[in-house]
Amino acid sequence: MILNFDEFQKANQTGGELDDIRIKNFDNFQKKGFPSKKEESWKYTDLKTIVYNNLNKLEVPNNKKTFQYHDEWLLKNFKHNQIILVNGEFVSSTFSFESKDKIKIKPLRAILKDKKNFDKIKEFFDDQKNSLTSLNHALVHDGIFLEIEDNYSFNKPLVIYNFFNKSSENKIINNKCFISLGKNSKLDVLECYKAENSIKYFNNTIHHYSIQENAILKKFSINKNLDNSYNYHLTNVKSYSNSIFENFLLSSGSSFLKNEIHCNLLGSYASCFINGLILLNNEQHHELKTNVNHRYEHCKSSQLVKSVLLDKSSGTYQGKIYVEKEAQKTDGYQLSKALVLSENSAFNSKPELEIYADEVKCSHGSTTANIDQGSIFYLMSRGLSKKQANKMLIEGFLNEAVETITDLNIKSLISKLLIKKINEIKFETNEH
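Described in the following lines is the structure provided in the data block. (Residues numbered from 1 in each chain as written. Predicted model: local features only at pLDDT ≥ 70, side-chain atom pairs only at ≥ 80, totals over all residues. Heavy atoms only, no water.)

Notes on the side chain of K219
And step 1. If you trace the backbone, K219 turns up in strand β9 (residues 216–223).
And step 2. Under the relative-accessibility criterion, K219 is labelled buried at 4%. (Helix = DSSP H or I, 4+ residues; strand = E, 2+ residues; numbered from the N terminus. Buried < 20%, exposed > 50% of the residue type's maximum accessible area, 1.4 Å probe, protein only.)

Brief notes about the sheet that holds strand β3 (residues 103–107)
And step 1. Here nine strands make up an open sheet; going across it, the order is β3-β4-β6-β8-β10-β12-β14-β16-β18 and the pairing mixed. Of all strands in the sheet, those bounded by a partner on one side alone are β3 and β18 (346–355). Across this sheet, the average inter-strand angle for adjacent strands is 5°, counted without regard to direction.
And step 2. Here ten bridges tie strand β16 (residues 314–323) to β18, and the two strands are oriented parallel to one another. Pairing of G315 across the sheet is with F347, part of β18. (Pairing = 2+ DSSP bridges. Axes fitted to C-alpha atoms, helices over the stretch in contact; angles between N-to-C directions.)

A closer look at helix α3 (residues 47–54)
And step 1. Those residues of α3 not exposed but buried are L47, I50 and V51. The buried residues of α3 occupy one face: seen down the axis, they fall within an arc of 95°.
And step 2. Buried-residue contacts for α3 involve α6 (131–139), β8 (202–211), β10 (230–239) and β12 (256–265). (Arc of directions from axis to C-beta. Contact = heavy atoms within 4.5 Å.)

Examining the sheet that holds strand β19 (residues 360–369)
And step 1. In space, the ten strands of this open sheet follow the order β2-β1-β5-β7-β9-β11-β13-β15-β17-β19, with mixed pairing throughout. One side of each edge strand has no neighbouring strand; the edge strands of this open sheet are β2 (89–94) and β19. The average undirected angle you get between the axes of adjacent strands in this sheet is 10°.
And step 2. Sitting on the sheet, helix α8 (residues 386–402) touches β11 (244–251), β13 (271–280), β15 (300–309) and β17 (330–340), and the angle it makes with β15 is about 160°.

Describing the packing of helix α2 (residues 17–32) against α6
And step 1. Between α2 and α6, the shortest axis-to-axis distance is 8 Å and the interhelical angle comes to 145°. For the crossing formed where α2 meets α6, the hand is left-handed. Contact residues: R22, N25, F26, N28, F29 and K32 in α2; S131, S134, L135, H137, A138 and L139 in α6.
And step 2. For the contact of α2 with α6, a count of residues per class yields five nonpolar, five polar and two charged. (Left-handed = near helix turned anticlockwise from the far one by under 90°. Nonpolar A, V, L, I, M, F, W, Y, C, P; charged D, E, K, R; others polar.)

Shape descriptors only; they carry no functional weight alone.
Here it is as structure tokens:
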């Protein structure tokens with residue numbers, strides 16, 4: 001594996017504090033390496049082995065700007081604003097439906113090169129949850145810095161396109177996304193991922209969201225195209241009084257994907273909703289890890305994750321609700337349900353509650369099973385083939401999570417994408 005940090009550093013020198021931060025974090029990554037099962041938060045995923053077996057020629061991107069993408073990758077018949085990233089680098093933004101004076105958007109590379117602006121985000125480079133965050137701090141080159149003013153609600157969703165072309169082959173791409181919502185503001189964000197052909201790359205992205213009082217951020221992430229990419233996405237959320245954070249995941253593309261979400265409820269009556277679908281086949285390995293921290297009273301959180309696994313795929317859900325002593329009147333809910341449809345597939349679930357307050361309402365649950373053969377027989381007796389019956393039951397099983405989406409247009413979009421994905425997969429179920 002080739003990670004030529006010196007060459008990267010020379011090409012991205014700022015002559016300031018960022019240079020020292022990069023060196024310190026790269027040294028930390030070299031000491032730890034990629035995470036393995038020895039670490040508690042990675043106990044179900046040996047990323048070190050996965051990377052060395054599949055990406056042994058991994059390199060740091062060079063300075064060549066290759067921003068080509070295909071127009072057919074853009075969503076059609078769906079009115080939206082857009083930001084386009086290619087190989088982790090900011091290419092363009094279009095806010096056709098908005099008051100542009102209420103929105104500030106900059107490529108992260110411009111923030112990193114300006115000392116005054118860098119001081120605004122410097123604190124985020126202190127976070128070292130694992131070696132991948134250190135690697136991101138060391139090698140980040142670009143991304144998004146978006147600020148929404150107080151009292152402004154977006155008229156249409158913002159789609160952030162993450163495109164990867166042939167230039168990302170065997171590269172490790174590190175970027176960051178900063179989104180800040182002012183008081184009483186509202187934004188719906190839809191993240192889409194698309195890679196060209198069957199290229200292999202590693203994408204290591206850190207998201208930072210700040211949601212001020214009475215603001216609403218609804219984030220939807222779609223990773224549906226089966227490709228050879230390997231991805232780690234870390235999301236850190238600060239949610240203040242009366243704010244709402246909704247996060248929905250459709251996780252069915254990529255060879256490897258780990259989504260890690262840390263949401264801190266930092267004011268009374270703040271709410272966090274994390275819902276998702278994991279739909280895997282072949283030899284895919286996906287993991288969702290969540291940590292919702294209730295730090296003030298009267299806060300609410302809810303998590304619902306539905307998973308379907310076929311062939312030799314494996315999935316994991318690790319979810320934690322943490323309630324501090326001062327966070328009285330907490331309402332926390334967490335549920336994971338999985339269908340394991342092959343003897344060679346596997347699903348791991350680790351729900352956790354850590355509660356130090358007295359007056360709380362918290363619950364968690366986890367189930368793993370196969371499709372009920374009685375239901376299959378019933379549908380077949382009504383004229384459906386076994387394949388049709390399986391698809392109908394799987395769609396119904398997953399639809400419970402889709403119903404949690406509160407934006408009707410995005411719900412319709414995701415529902416269509418999910419049905420298309422289900423129809424593309426060959427459901428060869430084996431009875432246990």
